[in-house]
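# What the coordinates show
Below are the chains, spelled out letter by letter.
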Amino acid sequence: MTVTQTVFFLMAALTTGAALLVVLAKNIVHCAIALVLTFFGVAALYVLLDAEFLAAVQVLLYVGGITILLLFAIMLTSRISARGVKIMNEQVGMSALVVFAIFALIAFASLKGFAVVGSLPPSSYATASLGRLLLTTYVLPFEAVSILLLAAMVGAIILARREREKD
Amino acid sequence: MNQTDVIEPIHETMEEMYVNMGPQHPSTHGVLRLMLKLDGEVVTGVTPYIGYLHRCHEKIGENRIYTQVIPYTDRLDYLASMYNNFGYVLTVERLMGLQVPERAEYMRVILAELQRIASHLIWMGTFGLDLGNFTIFMYCFREREKILDLFESVSGQRLNYSFYRIGGMPLDFPESFLTECKAFLEWFKPRLPEYDAVMTDNIIFQKRVQGLGKLDQKTAIDYAISGPMLRGSGIKWDLRRNDPYSIYDRFEFEIPVGSTGDVWDRYMVRRQEMDESVKIVEQALRDLPPGEIMGKVPKKLRPPAGDMYSRVESPRGELGFYIVSDGSEKAYRYKVRSPAFVNLSVLPVIGPGHLVADMVAILGSIDIVLGEVDR
Amino acid sequence: MSTLLEGFYSAFAALGVPWIVPRLIVMLVVASLVIVFISVSVMFMIWWERKISAHIQVRYGPMRVGGWHGWAQSIADGIKLLIKEDVIPAGADRLVFALAPMVVFAAALAAYVIIPFGPNLIVRDLNIGVLFYISISSLTVVGIVMAGWSSNNKYSVLGALRSAAQAVSYEVPLVVSILGVIMTAGSLSMIQIVEAQQRIWFVIPQFAGFLIYLTAALAECNRLPFDIPEAESELVAGFHVEYSGMRFAIFFLAEYANMFTVAAIATTLFLGGWRGPLLPPWLWFLIKTYFIIFVMMWLRWTLARLRVDQLMNLGWKVLLPLAFLNMGITGLVLVLRG
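Residues numbered from 1 in each chain as written. Chains lettered and ligands numbered in written order. Predicted model: local features only at pLDDT ≥ 70, side-chain atom pairs only at ≥ 80, totals over all residues. Heavy atoms only, no water.

## Remarks on the overall build of chain C
Put simply, the rule reads: Strands are runs of DSSP state E lasting at least two residues, helices are runs of H or I lasting at least four, and both sets are numbered from the N terminus onward. Each residue gets one of three labels from its accessible area relative to the maximum for its type: buried under 20%, exposed over 50%, partly exposed in between, using a 1.4 Å probe on protein chains only. Positive: Lys, Arg. Negative: Asp, Glu. His and the chain ends are not part of the count. Lys charges are placed at NZ, Arg charges at CZ, Asp charges at CG and Glu charges at CD.
Scanning chain C from N- to C-terminus turns up 12 helices and 0 strands. Along its sequence from the N terminus, chain C presents helices and strands in the succession α-α-α-α-α-α-α-α-α-α-α-α. The dimensions of chain C, computed from C-alpha atoms along their principal axes, are 60 × 55 × 40 Å. For chain C, the residues scored as buried account for 56% of the 338 residues in total. Averaging the locations of the 21 positively and 17 negatively charged side chains of chain C gives two centres separated by 6 Å.

## Focus on the overall build of chain B
As a reminder of what qualifies: Based on C-alpha atoms, the radius of gyration is set beside the globule rule, defined as 2.2 Å times the residue count to the power 0.38.
The helix and strand tally for chain B stands at 16 helices and 6 strands. The C-alpha atoms of chain B give a radius of gyration of 21 Å, which matches the 21 Å a tight globule of 375 residues would have. Principal-axis analysis of the C-alpha atoms gives chain B an extent of 70 × 50 × 35 Å. When the 375 residues of chain B are sorted by exposure, 62% land in the buried category.

## Details of the nonpolar core
To be explicit about the condition: To form a nonpolar core, buried Ala, Val, Leu, Ile, Met, Phe, Trp, Tyr and Cys residues must be joined to one another through side-chain atoms within 4.5 Å. Residue ranges for the domains trace back to a domain assignment, done automatically or taken from a database. The criterion used for residue contact is that any of the two residues' heavy atoms lie within 4.5 Å.
By size, the foremost hydrophobic cluster in this structure holds 242 residues, and its most contacted members are Tyr88, Leu114 and Phe127 of chain B. Counting only domains with at least three residues in this core, you end up with domain 1 (1–83) and domain 2 (85–337) of chain C. If sequence neighbours within four positions are ignored, tyrosine 88 of chain B has contacts with Tyr66, Val69, Ile70, Thr73, Ile166, Phe321, Ile323 and Tyr334 of chain B.

## Quick word on the sheet that holds strand S5 (residues 317–325) of chain B
Residue and element names in this part refer to chain B. Note the cut-off: Strands qualify as paired when DSSP identifies two bridges or more between them. Geometry is summarised by axes, namely lines fitted to C-alpha atoms with helices restricted to the contacting stretch, and by angles between N-to-C directions that run from 0 to 180 degrees.
Judged by pairing direction, the sheet is antiparallel, and its 3 strands sit side by side in the order S4-S5-S6 without closing on themselves. Two strands in the sheet have a free side with no partner beyond their single neighbour: strand S4 (306–314) and strand S6 (331–337). Strand-to-strand, the axes of this sheet are offset by a mean angle of 15°, without reference to chain direction. Pairing analysis gives 6 bridges linking S5 to S6, with the strands arranged antiparallel. Each bridged residue has a counterpart across the sheet, and for valine 324 the counterpart in S6 is arginine 333. Against the sheet, helix H3 (residues 81–96) contacts S4, S5 and S6, and its axis sits at roughly 150° relative to S4.

## Looking at the environment of serine 176 of chain B
Of note, serine 176 of chain B is situated in the loop between helix H5 (135–155) and helix H6 (177–188). With 23 residues separating them in the primary sequence, serine 176 of chain B and serine 153 of chain B have C-alpha atoms 8.7 Å apart.

## Considerations on the interface of chain C and chain B
To keep it simple, the criterion reads: What counts as buried area is the accessible surface, traced by a 1.4 Å probe, that two parts surrender upon association, with contributions from both included. Each salt bridge in this description consists of a side-chain nitrogen of Lys or Arg and a carboxyl oxygen of Asp or Glu lying within 4 Å of one another. Each polar contact in these results corresponds to two N or O atoms within 3.5 Å; when the atoms are within protein, one needs to be able to donate a hydrogen and the other to accept it, and residues that are neighboring in sequence are counted only if both atoms are side-chain atoms. Gly is put with the polar residues, along with every residue not named as nonpolar or charged; the nonpolar set is Ala, Val, Leu, Ile, Met, Phe, Trp, Tyr, Cys and Pro, and the charged set is Asp, Glu, Lys and Arg.
On the chain B side, the residues contacting the 24 residues of chain C number 34 residues. Summed over both partners, the interface of chain C with chain B comes to about 2,400 Å²; 58% of that surface belongs to carbon and sulfur atoms. At the boundary of chain C with chain B, the tally comes to 0 salt bridges. Linking chain C to chain B there are 8 residue pairs in polar contact (both at pLDDT 80 or more). Mapped onto the side of chain C that touches chain B, the elements with two or more residues apiece are helix H6 (154–185), helix H9 (232–235) and helix H12 (308–337) of chain C. Sort the elements by how many residues they give to the side of chain C that touches chain B and H6 of chain C lands first, with 4 residues. Looking at the side of chain C that touches chain B, its residues break down into 12 nonpolar, 4 polar and 8 charged.

This is how it looks when you write it as structure tokens:
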């Protein structure tokens, strides 16, 4: 087993463990902190794939942005964080079945389905080529995504405004 | 008049957070406790809880002979002890109909106005501290230190002077005092523009205090606000001018007033009052006559039966003393009307609707001294 | 440097040791060197800040410990903090409470990976360079929020909330302000950005970007006039109000380490990094960095604190549009020049 593989399995274990903690921890703030760890694990996996840019963006957006906002929301509703949350209900059997089915599907697909893709571009050019691709070949989806985000932002602002008018 | 509900933590809900500010908090200027009702960071209600420094001052005053009360008055507003002495001895003198020698009157005014500068300096420094500017605090304390040195050379004390006596002053100025005091004023005058550079002209400071904690004239009068807070609201009311005591009618000085009654106006009033106090001290030093410093006072003070309320313009506002005498050596009833206590009572009206940070600035602009609030 | 390393590796390979061992040794040595550098630098900065503040406030500052101008004051303080009792409040979430300072410090430490002290004095010249710093620095906020929440104190929760809001709003202008530099240099790598400043320091063409960066950076490391998360007069000490002893010292260490990082990045991006005549590169780098730190301290001891809403307004309504404008103009100039 090479070093890369060792590191990969360590990181994979960390990511999965942290992800399990996210759904199983009783305290919702602990869940959020475990989520940070999960995102970091994913970022580490990106690094192993030589996608440093993606890893940095993953940390920046998911840890620095999304989790912070999550924690923000949790702490603003002060009583939630103190109380434990219920983590099981009557649908647990059903969901376990679905989860295992999906897991089996993905495992089968990764073992059998995909052929090896062509060689990767050297990592030092990854950022530049990614930028070039975003602004040439994929400019249309890129713009479509930004319009989607803009719409979401406008929607959020309208929702927030309406709240204020009520009181 | 707004009626404000008393805020108790037991009413806490999901949306509102109750924060206990003080009695141990860097910005409550002593042992004041504020109960804040917060919606996020916005203060929706505030109730001051006082009494952590209560010392039964008034009851003590009824169980000591008149002279013995003077040291207790020092501890009222411990940042302006001279003024407390002043107000108290003035009341007893009026009650007894005593005449105070000319020179003593001038000495009283000089010390009192120096005390006003010292008190405003402390206020300015701690106000800067409230807003996160630490440097002005050090500057102000440097100047106050010089005033305290002057007071020490006169009275031997640096904080609780007990220097005024019923009927006059106990000691004359030491020989060096006049030159030292003049030297101090010459040194102090160029310092004031320095404060302006650090505080008044600073855009961050201006933006922080302008438009905060507005106190309109009607509310100010309804709540019996006095001192710089009242003048900040635009009412030209200064007891030194409107109800002159001692020899204040002999001096020329301006009464700075604000216009909108916000924190900025209160700041500017106090800042300009320092200029005016310097003027008064200069005039008093110039006119200081020679002569006696202690009037003819009987050995045992037995004021005639009756009552007397007399007030002085302390750095914080109208400091009143009410004494009922039954003709004995001790007061029958002794009551202090402390400006800080009365001014603090308006906080639940002007506080809500601001952010926590502004709450600190508003509280700072009221300029409370807990020794006086609780007595 | 690299030949030395190769020699070190091959010596181990000749002994038949697995190739991971010498590399681990090198990593450990480098990491320890960085930590030692941080500690010494932070101790110096604390002493220096006390001296600067003292001289701004017409006093002397520490004068006793160690003899000459109290140079050993920080060491004494550090020892005091180390041997203090470790207090954890009864209502605190013990695990998160203990983890929080480590998270904050880890974030501060990780940022040192990309600081180029000299042409070869860089731990790792990542090709995502600046982006690495930006992403890793966002971890600090997680630590601060953890600390604020786990202390189970309303003041610290308020401080943590403020900190989170502040970090989210100031990260955006910070990132956009350095885009101008990245566009001009055409690279994210710290070494290449310094190389690109051979003719002219970026502070001249990118002056607006420099000012925006400096302002946003002050907010990023919670320094006055943006020290709202710990605002002493309002929130007592904000998120670390319940921390004492060594845990508090770690927060303190991380704060000053962050200050150094921010200044070092400013030096690299705008002030030509290690470039300068006569003196060795590392010395130039330190001089420039400490100059920026000095400016930050100078601001701290002269200005008052902003209010929360003013801070947000400044970030979103002034800095961000300006940063975008700066980016747009830079792009236009670059395109017109070809």
